[in-house]
Amino acid sequence: FLLQCAIFTGGIATFVQAKGIGPVGARLPILLGTTFVTITPLVAITTEYGYDAFLGGVIAGGIVYVLVACFGARFLRRFFSSTVSGTLVVAIALTLAPSCADMAAGGSAPVGGGYSTWQNWLLAILTMAICLIAHLFGKGFWRTIGLFMGLAAGYVLALLLGDVAFGGVMEAAWFSVPRPFAYGVSFHLEPVLIMVVIYLVTAMEFVGDTTAMVCADRLPTHRELRGGLLCDALSSVLSGVFNFAPNISYSDGVGIIGSTRVANRAVMVTSGLLIAAAGLVPKFAALLSTVPAPVLGGACLFLTGVMLMAGVKVILTQPLTLRNSVIVGTSLAVGIELGFSGVLEQAPMAVRTLFSGIPGTALTGAFLHGILPKD
């Protein structure tokens, strides 16, 4: 059900972002979905307050984000340089990589009788190999569908090995509209404040994403930035109403567009409509859930590599001066090392959530960019 909600709202958000409705939407080929940045606060807030409090934070924080998009877009553009944005994309790729490797080994649903068995790695390596071969040697259409070919090849092999279960697909309905507020909603100050900071992080991510994948190595214009941020904010409120985490411009879109070389508004508008329609078909969500974790892990490992280099390219749009080198290195050191080391496990939830991993990288980069002298 949550997967169906994510598909439905993500399709609507993608359509609006690419098509544009009045002041809402960047009118750029940007795919929207649930970002990895929200996983840590989702778990932390739900553990402390409950899932309804997380949804309240998504909605209330999204309303604050709307105000930031309307009145603070120019501030965000001045305050967050491409150096900071590119560093954030790199941090997202580095943070995703361990999860992708875990999925490649089987994750929470391994195949072949256990975690990290040869069946898991066979599926992951085949998927990744097909993606790489198509990306490196494919021409035209075949290169474009390389990611799909890798996923399809891994899925077919999983079928042959008997590692795909269709019980959930048979039980799912053919048509239903996702039910809003299915888990209730409640509002608490700390979850709302945490989500406001997360939204500011995703705003930086938006600048980095658009620079890396669709704006030909330039920062988005003020209208594109304002419209894109406003779409992110409103679609996140919509996603909270429909029981799930924020929908924002999705960093994996950097890897997908970098791989397929398809950066076309008409394609993204059509895709948004198809995704939203698929969100009305529970069987489709159930079918997606049958893709084995190792297959997804192999594809995601490929995409994180593409995403990592996209972030590096954004960083290098500015001269790699001593100042910029300090911002990149220190931000990654603080965010990634605090996030992976586990030294903040006993810290208060707000500290643990905001100062490790992706949020820690973003906040450190923004702080250093604000205080370090230009020369």
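This section reports on the structure supplied with the text. (Residues numbered from 1 in each chain as written. Predicted model: local features only at pLDDT ≥ 70, side-chain atom pairs only at ≥ 80, totals over all residues. Heavy atoms only, no water.)

1. Concerning the overall build of the chain
For step 1, the next point in the chain: Counting its secondary structure elements, the chain contains 18 helices and 2 strands.
For step 2, the next point in the chain: Computed over C-alpha atoms, the radius of gyration of the chain comes to 20 Å, within 12% of the 21 Å expected from 2.2 N^0.38 for 375 residues, which places it in the range of a compact globule.
For step 3, the next point in the chain: In terms of its C-alpha atoms, the chain occupies a principal-axis envelope of roughly 60 × 45 × 45 Å.
For step 4, the next point in the chain: Here the chain, with 375 residues, has 54% of them falling under the buried criterion.
For step 5, the next point in the chain: If you take every contact in the chain between residues at least 6 apart in sequence, the share linking residues at least 24 apart comes to 82%.
For step 6, the next point in the chain: When the accessible surface of the chain is split by element, carbon and sulfur atoms take 72% of a total near 15,900 Å². (Helix = DSSP H or I, 4+ residues; strand = E, 2+ residues; numbered from the N terminus. Rg over C-alpha atoms; globule rule 2.2 N^0.38 Å. Buried < 20%, exposed > 50% of the residue type's maximum accessible area, 1.4 Å probe, protein only. Contact = heavy atoms within 4.5 Å. Areas by Shrake-Rupley, 256 points an atom, 1.4 Å probe, with all protein chains shown as cover.)

2. Focus on the environment of Asn120
For step 1, the next point in the chain: Position of Asn120 relative to the elements: it lies in helix α6 (residues 118-137).
For step 2, the next point in the chain: As a C-alpha pair, Asn120 and Ala158 span 38 residues in sequence and 9.3 Å in three-dimensional space.
For step 3, the next point in the chain: Those residues within four positions of Asn120 in sequence are excluded, and the remaining contacts are Ala104, Ala105, Gly106, Pro110, Val111, Gly114, Tyr115 and Pro294.

3. Quick look at the nonpolar core
For step 1, the next point in the chain: Core analysis: the biggest nonpolar cluster contains 54 residues, and Ile45, Phe54, Leu88, Ile92, Met195 and Leu229 have the highest contact counts within it.
For step 2, the next point in the chain: Among the elements that make up this core, the one with the highest residue count is helix α10 (residues 189-213) (10 residues).
For step 3, the next point in the chain: Excluding its chain neighbours within four sequence positions, the residues that come into contact with Leu88 are Val201, Met204, Glu205, Ile358 and Ala362.
For step 4, the next point in the chain: Val111, Tyr155, Leu157 and Val295 belong to the second-largest nonpolar core, a separate cluster that totals 7 residues. (Core = buried A, V, L, I, M, F, W, Y, C linked by side-chain atoms within 4.5 Å.)

4. Considerations on the packing of aromatic side chains
For step 1, the next point in the chain: The tally for this structure, following the rule as stated, stands at 5 aromatic pairs.
For step 2, the next point in the chain: Summarising the aromatic geometry, the rings of Tyr51 and Tyr183 are spaced 5.7 Å apart at their centres and angled 90 degrees between planes, so their arrangement reads as edge-to-face. With Tyr51 in helix α3 (residues 51-71) and Tyr183 in the loop between α9 (167-171) and α10, this pair connects stretches of sequence that are 132 residues apart.
For step 3, the next point in the chain: A residue is classified by how much of its surface remains accessible, and Tyr183, at 42% relative accessible area, is partly exposed. (Phe/Tyr/Trp six-rings, centres within 6.5 Å; stacked < 30°, edge-to-face > 60°.)

5. Focus: helix α8 (residues 146-160)
For step 1, the next point in the chain: Over its 15 residues, α8 runs 21 Å from end to end, which matches the ideal 21 Å to within 8%, given 1.5 Å per residue.
For step 2, the next point in the chain: Among the residues making up α8, those that are buried are Gly146, Leu147, Gly150, Gly154, Tyr155, Leu157 and Ala158.
For step 3, the next point in the chain: Once α8 ends, the next one or two residues include Gly162, with phi positive near 75 degrees. (Expected span 1.5 Å × (residues − 1).)

6. Some remarks on the packing of α6 against α8
For step 1, the next point in the chain: The interhelical angle for the contact between α6 and α8, taken along N-to-C directions, is 155 degrees, at an axis separation of 8 Å. As far as their axial angle goes, α8 and α6 are roughly antiparallel. The chirality of how α6 crosses α8 is right-handed. Along its contact with α6, which presents Leu122, Leu123, Leu126, Thr127, Ile130, Cys131 and Ala134, the element α8 presents Gly146, Leu147, Met149, Gly150, Leu151, Ala153, Gly154, Leu157 and Ala158.
For step 2, the next point in the chain: Looking at the contact of α6 with α8, its residues break down into 12 nonpolar, 4 polar and no charged. (Axes fitted to C-alpha atoms, helices over the stretch in contact; angles between N-to-C directions. Parallel < 35°, antiparallel > 145°, perpendicular 65-115°, else oblique. Left-handed = near helix turned anticlockwise from the far one by under 90°. Nonpolar A, V, L, I, M, F, W, Y, C, P; charged D, E, K, R; others polar.)

7. Examining the side chain of Thr95
For step 1, the next point in the chain: When you line up the elements, Thr95 lands in helix α5 (residues 82-104).
For step 2, the next point in the chain: Classification of Thr95 by relative accessible area gives buried; the value is 12%.
For step 3, the next point in the chain: Excluding anything up to four places from it in sequence, Thr95 contacts Phe36, Ile336, Phe340 and Ile358.

8. Side note on the environment of Val64
For step 1, the next point in the chain: Along the chain, Val64 falls in helix α3.
For step 2, the next point in the chain: With relative accessibility at 31%, the residue Val64 sits in the partly exposed group.
For step 3, the next point in the chain: C-alpha separation for the pair Val64 and Met195, spaced 131 residues apart in sequence, amounts to 9.6 Å.

9. Considering a nonpolar patch on the surface
For step 1, the next point in the chain: A surface patch of nonpolar side chains, amounting to about 440 Å² of accessible area, comprises Leu132, Ile133, Leu136 and Phe137.
For step 2, the next point in the chain: Following the sequence through the fold, Ile133 ends up in helix α6.
For step 3, the next point in the chain: According to the relative accessible area criterion, Ile133 is partly exposed, its value standing at 49%. (Patch = residues over 30% accessible without salt bridge, like charges linked within 9 Å, V, L, I, M, F, W, Y side chains within 5 Å. Salt bridge = Lys/Arg side-chain N within 4 Å of Asp/Glu carboxyl O.)

10. A word on unusual backbone geometry
For step 1, the next point in the chain: The phi dihedral of Phe181 falls on the positive side, at around 50 degrees, and the residue is not glycine.
For step 2, the next point in the chain: Of note, Phe181 is situated in the loop between α9 and α10.
For step 3, the next point in the chain: By relative accessible area, which is 42% here, Phe181 ends up partly exposed.
For step 4, the next point in the chain: Here Asn243, not a glycine, exhibits a phi torsion of approximately 75 degrees, which is positive.
For step 5, the next point in the chain: Relative to the helices and strands, Asn243 resides in the loop between α11 (222-241) and β2 (247-249).

11. Things to note about the state of the cysteines
Chemically, a disulfide is nothing more than a covalent bond linking the sulfur atoms of two cysteines.
For step 1, the next point in the chain: A full pass over the atoms with the stated rule returns 0 disulfides.
For step 2, the next point in the chain: Unpaired in terms of disulfides, Cys100 finds its nearest cysteine sulfur in Cys300, a separation of 4.4 Å.
For step 3, the next point in the chain: The thiol of Cys231 is unpaired, and the distance to the nearest cysteine sulfur, on Cys70, comes to 12 Å. (Disulfide = S-S within 2.5 Å.)

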